[in-house]
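# Results of the structural survey
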Amino acid sequence: LRPAAVRAVMRAPTVAALAFVALAAEAPAQTPAGGEFRANAYTTNRQQAAHVAMEPDGDFGVVWQSATQDGDDYGVFAQRFSASGALRGSEFRVNAYTTGFQMDSAVAVGSAGDFIVVWRSVQDGSVSSIQGRRFAASGSPIGGEFLVNTYTTGFQYGAQVGRAADGGCVTRDD
């Protein structure tokens, strides 16, 4: 593995979020591969709570929550990048359901570049639930959103997701 690090920055008039990813290497110190850059194209209101996942080849994706961009409260958005930091496609909305808030997202990427995003939502009719959605390496959705949590009473929050070598995934919430 080669030492590399990528920084992505999202800026809004009042909020800045910094996501930093470092690819593990044999050397203990990491050197940034480049300067900061904006991950989001939409800059109205707030874009915050960024999370990053990196593919084995160094390509990476950033997910974040954006206020009112999906037409209501917060929505979850993503952008894919090459290992050099060049855009791969356009910024896109992760959540299909747009009523109320969709926020507090997490992302994990598989060895083939496919990825899964999980987030907190109000769509199960309770206070909040954890939803998920899978995407191909191209950024195209693989199916619709799905409910992650089985217990649906009260608050479900703190979504996290990880990928296994066989392509499976594991999620958790608080």
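This write-up is about the structure you can find in this document. (Residues numbered from 1 in each chain as written. Predicted model: local features only at pLDDT ≥ 70, side-chain atom pairs only at ≥ 80, totals over all residues. Heavy atoms only, no water.)

### Section: the packing of aromatic side chains
Each aromatic ring pair is specified by the distance between its two centres and by the angle formed by the two planes. In plain terms, the rule: Pairs were defined over the aromatic rings of Phe, Tyr and Trp, the Trp ring being its six-membered one, requiring ring centres within 6.5 Å. Orientation was assigned from the angle between planes: stacked under 30 degrees, edge-to-face over 60, tilted for the rest. Under the DSSP-based scheme used, a helix requires at least four consecutive residues in state H or I and a strand at least two consecutive residues in state E, with every element numbered from the N terminus. Any residue under 20% of the maximum accessible area for its type is buried, any over 50% is exposed, and the rest in between are partly exposed; the area is computed with a 1.4 Å probe on protein chains only.
On inspection of all chains with the given rule, the structure shows six aromatic pairs. For the pair Phe92 and Phe115, a centre-to-centre distance of 6.4 Å together with 50° between the ring planes defines the contact as tilted. Linking Phe92 in strand β6 (residues 87-93) with Phe115 in strand β8 (residues 115-121), this pair joins segments that are 23 residues apart in sequence. Here Phe92 matches Phe115 in class, with each residue buried. With centroids separated by 5.5 Å and ring planes inclined at 50°, the aromatic side chains of Phe92 and Phe135 adopt a geometry described as tilted. Here Phe92, found in strand β6, pairs with Phe135, found in strand β9 (residues 129-135); they are 43 residues apart in sequence, far enough to count as distant. Pair check on accessibility: Phe92 and Phe135 agree, each one buried.

### As for the pattern of salt bridges
As a working rule, side chains carrying opposite charge can pair if their charged atoms are close by. Rules: Between Lys or Arg on one side and Asp or Glu on the other, a salt bridge is scored when a side-chain nitrogen of the former is within 4 Å of a carboxyl oxygen of the latter.
Applying the stated criterion to the full structure yields four salt bridges. Glu55 is paired through a salt bridge with Arg88; the nearest N and O atoms lie 3.2 Å apart. Here Glu55 is found in the loop between β3 (47-54) and β4 (60-67), whereas its partner Arg88 is found in strand β6, with 33 residues between them in sequence. Across the salt bridge formed by Arg120 and Asp104, the nearest N and O atoms sit 2.9 Å from each other. Of the two residues, Arg120 sits in strand β8 while Asp104 sits in strand β7 (residues 102-109), which places them 16 residues apart along the sequence. When salt bridges that share partners are traced, they join Glu55, Asp59 and Arg88 into one network.

### Section: unusual backbone geometry
Although it is not a glycine, Ala49 adopts a positive phi angle of roughly 60°. With respect to the helices, strands and loops of the structure, Ala49 is situated in strand β3. In this structure, Asp104 takes a positive phi of about 55° despite not being glycine.

### Side note on the sheet that holds β7
For clarity, the threshold we go by: Two strands qualify as a pair provided DSSP detects at least 2 bridges between them. Fitted lines through C-alpha atoms give the axes, limited to the stretch in contact for helices. The angle between two N-to-C directions lies from 0 to 180 degrees.
Pairing is antiparallel across the open sheet formed by four strands, whose spatial order is β7-β8-β9-β10. Edge positions in the sheet fall to β7 and β10 (141-147), since each has one partner strand and no second. Averaged over neighbouring strand pairs, the angle between their axes works out to 15° when direction is ignored. As defined by bridge partners, β7 adjoins β8 across six bridges and the pair is classed as antiparallel. Its bridge partner being in β8, Val107 is matched across the sheet by Val117.

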